[in-house]
Structure formats: C-alpha cells, structure tokens
Amino acid sequence: MTDGGELLAGVDEVRWGRMRHAYGPAVEVPDLLRGLADADPAVRETALDAMYGGIHHQGDVYACTIAAIPFLLRIAADAGRPGRAEVIGLLAGIGGANDPEPRTGLYRQAREAVSGAYPLWCTLAHDPDPRVRAAVPAVLPVCTEHAADCAALLRDRFALEQDLRVRVAIVESAARLALRGTDVQGIGGWLADLLAHDEDVQVRLTALTALAPLPAQPGVPPVPVRTALELLDAVYTQGTPISEPAGFATDTLIGSVRRMTEAAAAGRRAPDAEQLVRAISDGLADRVEDRITLLSTLLASPDWECRSDALYPASNLVNGWRGSFAQVVALVGEQLHDDRHELRPRAVHVLEDLGELARPAADALFEGLSRSPRAAHHPTMSGRLPWVVAWAHGLPTIGPALKALAGAGDPRALPMLQWALEQRQVPRDVGQLIARYGAEAGHLLPLLRRRLRKLRSDDRCDNLAYAVGAIGPAAADAVPDLLKLPASSAVISAVAAIGPAAAPAMGWLREQAAASERHVAAAAADALYTVGGDAAAALAVYDRFLTGDSYDQRAAAEGFGRLGPHAAERAGRLRKLLRGKDSHGWLRLNAARALWQVAGEASTVMPELERIWTANPHTRTTIAQVWSDMGAAASAAGPLLAAELARVRRHNASPDGYSSSQVVDDEHLLRACRAALTALDG
C-alpha cells in the first residue's frame, strides 16, 4: 500500500478553484480525494458521499470530474488499500457504465479516461480482495472498444472464481454487455448453461434474470415460472451471504442508505433474495400472467421473507402493467394481518394509489384501520395504520391505509374521514377523499360548512370546497359559505357543480368572470352558464382568452365546447386553432373536441384526433370520451381503441418516473375505450 502523500502527489498543483461542480468552486476536491484514501471508513464514506454529491451530482460530469479521474485510478490501483471497491464504483458511474448511449463533450472524455484504464481493470479482476473483484465487472461496460475482450475476461475469471458475490457480479456484467450487442449468442448460451448446470442456486437465478431481456436463444424455450420458483425456494432455504454491519455512522446519504440496508438484512436468512425477486419479476416484463403466478405464490408463502420480498415487485407490476390483479391485491391485503412490522407499511404502499383496484384488500384495510390508533406522528408509525398522520412540519394528512380504503370507494372509510374532518387540525387532503363519494357524503355537508367557516382563508378551503361540489345540488345550503371564501377556481367550480340551486351566486360570479387570473375567470364563465344559463356572459370571457397564450386559448376552446351550439359562431376560430403550433397536442385536442361539440364537424375533427392520439398517449382518455360522444361518426377510431385495449403496459407508465395517479388514470382510459367501442357499434 502506497504512502498517502505519494499516492496523491500533484493533487495540490491542479487549479481546482478555477473549476466548478454542482455546488460551486471545486476547491475541496483534494481533501475529498485524501478522504477516499484514508484508513478510517467513516472518513472514506463521508468523502465518497461528497464526491457523488459534487463532482458526480446526479450523474453529471464536470471539468473537475475529469481532473479527478487520474487520482481516483491511483487509489483503485493501490494494492491492499481499503475502500478501493467503492472508488471503482464511483469510476464506473463517472464513465457511464449504466448509460449505453454514446455521449459527447465531458461525458465522452470521462468515458475515454475510465476506459483507457482497461489494463488496470484486467489486473484488478484477479485482485486478492473479493470486494475489489466484485466491483470490477460493473466498470467493464465502460470499455466499449474492448467489449469482446471484456466478455472473455469475465468468463475466464468466472471459471476460477470461488466467491459467490463476485460470481454473481460477473454474470450480471456479462449480461449487460450482451444487452449492448456484445457476443449476444455466445453470452446467451453461456447464461443458459449456467442456469441449467451451475452448482450455486444464486448464480442460476442471476443467469435466469439475465436471460429474460436477451433475444431468445435457438432451441432454448422461455424459462418456465415454476423453474424460477423452485430456484427461489432453494435460495430462501439455503440463505445468501450476510455482511456484518459496518459498525459506524456518518451523516451522509450513502451512510443512511447503508444503515437502512443493514437494518433490512437484520434477522434474515437470505437478504440478497429481495433483489433477485425484483429482477425475476421485472425480467418477465410483459408475461403478466407468469408474474402474477410468481408473486401470488410468494405472497402466499408461510415464509415472511418470501412475502416481504414480493411486495415491491407487486407494486411495480400493478403500476406498470394491465391485468387481472385481484388475487395479488387480496394477498397483499393479507399482509396487513401479519405481526411483523416490516410487512404492513410495504403492503400499504402497494395499495395506497390503486383506486378501485384495491377493493379485494378492502376488508383487510378496514380491519387494520380498526385496530390502529386514529392518529400518529410519522416517525413513530412503525408499522401501524393510523387514520391521520401528523408531520413535524406542515399540516397532517390522511394515512395511506385510509387513503387506500377511500380510494377503493369503500363506504366504511366515510366515518373515519368524518372523524378526521372533526379534528382541530384538519388534514389537508381529507376533502378530495370525501369527494370520492359524491352525494353519498351528503350527510357530511353541515360539518364541511362549519369547517369552511372556521378556516376561511386557509389553503385547505379549496380541498374542502371540492368535497362540497362533489355532493352536487344537495349542497345548495353551502353557497353562502362558499361565497365568503377567497375566490379560487376550486371554490367557483364547487358553486358550478351545485347548478341552478346556486342562483343567488350569479352576481358574485359575474364579478369573478372579470378577474385577470385565467383559472378564476374561466371557472366563473363556466359557472355563469351552468348555474344561470347565461351563455352570452360565458362567451364574452372565452372570447377574451382567444387573444392570449396557448393556455388561454385552450381554456377558450374548452369553454366553447361546454357551451355547445351556443358557441356555433366560434367554429371558424376553432378551426384556426387547429392549425396553430402545438407541440404536445393539447390545444388542438381542445379545439377539435369543441368543434365537434359546437358544430358536429366529424370530418374535420376525426383526422386531427387520430393524429393527437398517436403522438401523445396522455390525451387518450379525453379523446376516447369524445369518440364515445360521437358514436357512429367516430367509427374509424375502432382499430385505435381496440389496439389500446390490447396493450399490456399502462399508457402512462414510464421507466424514468412514477405518478401516484397512473393506475387510476389508466383504468379511466380503459373504461373510456370500452365505452367508446360500445358507442361506435351502437
């Protein structure tokens, strides 16, 4: 092991202060590099966290990142020095090991600098330290010009390797190379052979997950899900390697994640199995029925580790794919009865945003809520299912289990929501959940009115107004209370939802229609027509919007559409909007829909809607509703609707993000498509 000063010789000669990273001048990089070479693991972890946060912030590369690479390589190459595995991992990230696309500029320089150390990686693949050997495979995909040699290096090393985690890392890296086009058939055949014959069940499972996304091998059928289940059963029975806790703490993100990982592994026989279950389920991709079989079997297991490990993959499946998930959801609900505190919050996480799809778990949710405290502070929830969650900062919120029960439309949630509404600190989201019940929540109107009178200018007024509006005409008694609130689009929309029974608000609505704020004026225009039938006043507001930006014009088109034949004279203006610039299609969608509603111009509208449908999947629910209204006039849309219903993946699911509403929104689309197809046939 080299002396620290010699190892980083020249580091202070670099003009770090002239370079910048994510948070300013890179003056601290020399000290961070010294920290990475320190004997104290806490110092190394703190330095590593700062390096990821500064010179490699969220995957970015800066000039100081390039300047640091030679010193990082020296640390990685220094035989016997602790912490080298983590430095190699940092270099893999800087080099773009997980980014298969070619990059330019500094990113290309970083890739070339890390790839240029290929001889070092060849040497470290045989390092005495198994942690180093386990880290090296992850950096090899950076070495694109040596890809074939990397594949051979991995397979040669695998033949000699005895350490299980290194063997698994080698299989994962070889599969990544194959996914990028390197020796696909050779690596695929090797993986298939490992799956069939390797002595270690964890290696066989890793090979199984690696094979799934690769092109089918000649003569090799898809792996049956029962094979995956048999291998998983063996993994849970035999266990997986267990690392001892590091025994120190740092105030860093990396340290926090490490401690969470250590805590999650405590008391487990097979801590590595969780990642294997996720990889198997994800690898099955569009084989939804096989994924349901896999996860249902695990969720029904008497082994709590199996059930726990299946919960997050179940969430990924239901959120990203379409299918008959009643069995999976019911089994997820069963985990709420388990005494292990790890299972309940995971299960609730799966159910929280499923909407009506959570109904098979409704009984379990209700029973769990009935046994739980009505309120709890967030840090002390510890597996409990409180009705209301209090936070250190900000207003309380409805607990995730009650949110799931209300989202499913279960009437047993209403008394719990009523209790929450009665509390001194009203949860900020209780109104939108009460609104889910519409007129069924009419008995809560007196309480809603009292809370509105007390809150007055509180941000929660809009949320509670939403609940009042959902009750509909039966909420007419609340109109005086609504008029005393600050005028917002939510409050005005609540008045509109009450309809003609809100006629005393017409004068107030005329005042709001003159507002300069678009959302307020548009809501007032809509209410003037819905409450008092004053189409002329509404038209005047929408005409004003026509001269504004694209958002104003969208509001105008939407308003004209609601007025229907009353806005027939605006058909020409709507046709003009169809010809305007609109990168995502929302303005053209509103204009096309309105053109049908005001003038019935199917021949103009249909081609435009078809183009928007194809270009922007997020418009499809609205378009399907338009086609449903059009009926036989939209018969040409039949193939598009049928194709959407045949899709396995949710239209709004993305590998790069997640929305809490994506399941509910996609289920709305499916219902809209079915209704449209029925209308077309009718």
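Placed above this text is the structure.
Please read all numbers here as calculations on a predicted model, not as lab measurements.

Student: Could you give an account of the overall build of the protein chain, naming the residues involved and the relevant values?
Tutor: The secondary structure content of the protein chain amounts to 37 helices and five strands. Every one of the 682 residues in the protein chain was classed for burial, and the buried ones make up 52%. For the protein chain, restricting intrachain contacts to residue pairs at least 6 apart in sequence, the fraction spanning at least 24 positions comes to 65%. Of the roughly 30,200 Å² that the protein chain leaves accessible, carbon and sulfur atoms contribute 52%. Taken together, the 70 basic and 81 acidic charged side chains of the protein chain have centroids lying 6 Å from each other.

Student: Which residues make up empty space enclosed by the protein, and what are the values?
Tutor: With the rule as written, the count across this model stands at one cavity of 30 Å³ or more. What the largest cavity holds in volume is close to 50 Å³. Forming the boundary of the largest cavity are A125, R133, V136, P137, L140, L153, L154, R157, V166 and I170. Mapped by element, the contributors of at least two residues to the lining of the largest cavity are helix 8 (130-139), helix 9 (147-160) and helix 10 (164-179).

Student: Could you give an account of helix 10, naming the residues involved and the relevant values?
Tutor: Since the α-helix turns once every 3.6 residues, residues separated by three or four places project in the same direction. For helix 10, built from 16 residues, the straight-helix expectation of 22 Å at 1.5 Å per residue is met to within 8% by its first-to-last C-alpha distance of 23 Å. Within the span of helix 10, buried status applies to L164, V166, R167, V168, A169, I170, V171, S173, A174, A175, L177 and A178. Buried residues along helix 10 sit in contact with helix 8, helix 9, helix 11 (184-197) and helix 12 (201-211). Of the residues flanking the start of helix 10, the one acting as N-cap is D163, its side-chain oxygen 3.0 Å from the backbone nitrogen of R165. A positive phi of about 100 degrees marks G181, the residue just after helix 10.

Student: With reference to specific residues and values, describe the pattern of salt bridges.
Tutor: For the coordinates displayed, the defined rule picks out 49 salt bridges. The partner of D282 in a salt bridge is R291, and the shortest N-O contact between them spans 3.7 Å. A relative accessible area of 0% means that R291 is categorised as buried. Two residues, E558 and R562, come together in a salt bridge whose shortest N-O distance is 3.4 Å. Of this pair, E558 and R562 are both found in helix 31 (residues 550-563), four residues apart, which corresponds to roughly one turn of the helix. Owing to a relative accessible area of 33%, E558 belongs among the partly exposed residues under this scheme. On the basis of relative accessible area, R562 is assigned to the partly exposed category, the value being 38%. Sharing partners across several salt bridges, the network here consists of R322, R620, E644, R647, R650, D666 and E667.

Student: If you had to explain the packing of helix 30 (residues 535-545) against helix 31 to someone new, which residues and values would you point to?
Tutor: The packing of two helices is summarised by the inter-axis angle and the distance between the axes. Put simply, helix 30 and helix 31 touch, their axes get as near as 8 Å, and they point 155 degrees apart. Looking at the two axes, helix 30 sits roughly antiparallel to helix 31. Between helix 30 and helix 31 lies a crossing whose hand is left-handed. Taken together, the residues of helix 31 that come into contact with helix 30 (itself represented by A535, A538, L539, Y542, D543 and F545) are D552, Q553, A555, A556, G559, F560, R562 and L563. Taken together, the residues of the contact of helix 30 with helix 31 break down into nine nonpolar, two polar and three charged.

Student: Mind laying out helix 2 (residues 29-36), listing which residues take part and the relevant values?
Tutor: Counting buried positions over the eight residues of helix 2 gives six, a clear majority of the element. Listed in full, the buried residues belonging to helix 2 are V29, P30, L32, L33, G35 and L36. Buried residues in helix 2 make contact with helix 3 (41-54), helix 4 (63-77) and helix 5 (84-95).

Student: Before we move on, can you summarise the nonpolar core with the specific residues and values?
Tutor: For soluble globular proteins, nonpolar side chains are generally found buried alongside one another. Membership of the largest hydrophobic core comes to 230 residues, with the highest contact counts inside it found for W121, L191 and W627. Sort the elements by how many residues they give to this core and helix 4 lands first, with ten residues. Those residues in contact with L191 that sit more than four places away from it in its chain are V171, A175, A207, A210, L211 and L214.

Student: How would you summarise the sheet that holds strand 4 (residues 388-390) if you had to cite specific residues and measurements?
Tutor: What links the strands of a sheet is backbone hydrogen bonding, and the strands pair in either a parallel or an antiparallel sense. Overall, mixed pairing links the three strands, which are arranged 3-4-5 in an open sheet. Among the strands making up the open sheet, the edge pair consists of strand 3 (375-377) and strand 5 (397-398). Pairing of strand 3 with strand 4 involves three bridges; the strand directions are parallel. The residue of strand 4 that forms the bridge with A376 is V389.

Student: How would you summarise the packing of aromatic side chains if you had to cite specific residues and measurements?
Tutor: As enumerated under the stated definition, the model contains five aromatic pairs in all. With a centroid separation of 5.6 Å and an interplanar angle of 90 degrees, the aromatic rings of W387 and W419 are classed as edge-to-face. Of this pair, W387 sits in the loop between strand 3 and strand 4 while W419 sits in helix 22 (residues 414-422); the two residues are 32 residues apart in sequence, bridging distant segments of the chain. Each of the two residues, W387 as well as W419, counts as buried. Residue placement shows R258 over the ring face of F248; its charged tip is 4.4 Å from the ring centre. The side chain of R268 reaches across the aromatic face of W304, ending 6.0 Å from its centre.

Parameters and conventions
- Residues numbered from 1 in each chain as written.
- Predicted model: local features only at pLDDT ≥ 70, side-chain atom pairs only at ≥ 80, totals over all residues.
- Heavy atoms only, no water.
- Helix = DSSP H or I, 4+ residues; strand = E, 2+ residues; numbered from the N terminus.
- Buried < 20%, exposed > 50% of the residue type's maximum accessible area, 1.4 Å probe, protein only.
- Contact = heavy atoms within 4.5 Å.
- Areas by Shrake-Rupley, 256 points an atom, 1.4 Å probe, with all protein chains shown as cover.
- Lys, Arg positive; Asp, Glu negative; His and termini not counted.
- Charge placed at Lys NZ, Arg CZ, Asp CG, Glu CD.
- 1 Å grid on protein atoms, 1.4 Å probe; cavity = no way out; pocket = protein on both sides within 12 Å on 5 of 7 lines; lining within 4 Å.
- Points joined across faces, edges and corners; volume = space filled by probe spheres on them.
- Expected span 1.5 Å × (residues − 1).
- Polar contact = N/O pair within 3.5 Å; in protein donor to acceptor, adjacent residues only side chain to side chain.
- Salt bridge = Lys/Arg side-chain N within 4 Å of Asp/Glu carboxyl O.
- Axes fitted to C-alpha atoms, helices over the stretch in contact; angles between N-to-C directions.
- Parallel < 35°, antiparallel > 145°, perpendicular 65-115°, else oblique.
- Left-handed = near helix turned anticlockwise from the far one by under 90°.
- Nonpolar A, V, L, I, M, F, W, Y, C, P; charged D, E, K, R; others polar.
- Core = buried A, V, L, I, M, F, W, Y, C linked by side-chain atoms within 4.5 Å.
- Pairing = 2+ DSSP bridges.
- Phe/Tyr/Trp six-rings, centres within 6.5 Å; stacked < 30°, edge-to-face > 60°.
- Lys NZ or Arg CZ within 6 Å of the ring centre and 35° of its normal.

So yeah, pure geometry; function would need other evidence.
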